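Descriptive analysis of the structure
Residue-level listing of the chains:
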Amino acid sequence: MSSKGSQPAKEPAKAGLRVGVIGAGVMGSNHARVLSGLPGVSLVGVVDPSPSHRTRAMELANCASFETLDQLLAEGVDAVTIAAPTHLHHEVALACIARNIHVLVEKPIASTVEEGREIVAAAQKAGVTLMVGHVERFNPAVAAVKQAIAGEDILSIAITRVGPFPPRMSNVGVVIDLAVHDIDLIRWFTESDIVEVQPQLSSAVAEREDIALLQFRTANGVLAHINTNWLTPFKARSVTVATRGKYVMGDLLTRQVTECFGFKPDGSYSMRHLPVGHDEPLRAELIAFLKAVRSGEIPAVTGDEGVASLEIATQCLETPSRPAATSPARKGPRRVAG
């Protein structure tokens, strides 16, 4: 990829890390649950203005809770994970970075590309680790697909991410909430930037787009397609990748990955199921973040990568649909052949 990532920390943090979680919704509560069970980590507590959210996180993680960010920071933390609503990412991340605290911020990195870039710049200037929570990269099925296509000449990628309307109301549509995951995967699989965007969006039920068919072309010529919506009565998550030598299919929910290869002129081919790990993606992501904090190495998903995916998602929302070219209207009945 053209983005080179955030700079590593100037001084790696000590082995025993004091970590806080900002935001105790469903995702933040899971952050707290996982962190509370990791060795070498002291979960200082979670922050959320909602008493019910704090109670849920405390029950899941058996940790302290705080109503405000200042209360958490006063306890002293080395690193935080930010799972607050997206519109708060910029303010909260900058406040933590200003105190030389390492940050993992959930996707999308911020509400706007400009805010995302400001977070990246602040982290680089402070020399702290900044990682973006694109957790799908840590899905064992995604990792198996990535390994299967390593070194292959990729031709096309198709990703489906659909499901019912989320119970939690959000101020974003499916592009920012769902498709940004797959924009990141396309860039990661191809190791190339997206240079062409062709979106088709519709709002069938929600105020914002709840159906999106997105087409892309990468700098190295790969064609990619994302189908996402909030109208399907069940969840479906799948990835297919066509290369010159194989065809790889991955179900991200059942974690089954199948590879077709050995194509013959008569149309026959071979097929096999690939081994897939069983790690919890969030646990693997948080371990990767803490490893980057301790070592000072570039994190698995850099701030620059998070901004790049947000920028493409934003382009999808801003690019106007082009009307199809129409032929002059025919007069009279069409002639029937035969």
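Structure first, text after, so check above.
Here we summarise the structure given alongside this text. None of the values given here were measured: they were computed from a predicted structure.

Conventions and cut-offs
- Residues numbered from 1 in each chain as written.
- Predicted model: local features only at pLDDT ≥ 70, side-chain atom pairs only at ≥ 80, totals over all residues.
- Heavy atoms only, no water.
- Salt bridge = Lys/Arg side-chain N within 4 Å of Asp/Glu carboxyl O.
- Helix = DSSP H or I, 4+ residues; strand = E, 2+ residues; numbered from the N terminus.
- Buried < 20%, exposed > 50% of the residue type's maximum accessible area, 1.4 Å probe, protein only.
- Expected span 1.5 Å × (residues − 1).
- Arc of directions from axis to C-beta.
- Pairing = 2+ DSSP bridges.
- Axes fitted to C-alpha atoms, helices over the stretch in contact; angles between N-to-C directions.
- Contact = heavy atoms within 4.5 Å.

Let's talk about the pattern of salt bridges
Taken as a whole, this structure holds 13 salt bridges when the rule is applied. Here R161 and D182 are joined by a salt bridge, their closest N and O atoms 2.7 Å apart. Of this pair, R161 sits in strand β7 (residues 154-162) while D182 sits in helix α7 (residues 174-190), and the two are 21 residues apart along the sequence. Note on R161: relative accessible area 3%, which makes it buried.

Examining helix α8 (residues 281-295)
Relative to the 21 Å expected for 15 residues at 1.5 Å per residue, α8 spans 21 Å between its end C-alpha atoms, a close match to the ideal helical length. For α8, the complete set of buried residues consists of P281, L282, E285, L286, F289, L290, A292 and V293. On an axial view of α8, the arc spanned by its buried residues comes to 165 degrees, and they lie on one face. A positive backbone phi angle near 80 degrees is found at G296, which sits one or two residues after α8.

Brief notes about the sheet that holds strand β11 (residues 236-243)
With respect to topology, 8 strands assemble into an open sheet ordered β8-β9-β10-β7-β11-β12-β13-β14, the strand pairing being mixed. Here the strands that pair on one side only, and so sit at the sheet edges, are β8 (194-202) and β14 (270-274). Across the sheet, the mean angle from the axis of one strand to that of its neighbour is 10 degrees, orientation sign disregarded. In the packing of helix α9 (residues 303-318) onto the sheet, the strands contacted are β8 and β9 (211-218), and the crossing angle to β8 comes to about 50 degrees.

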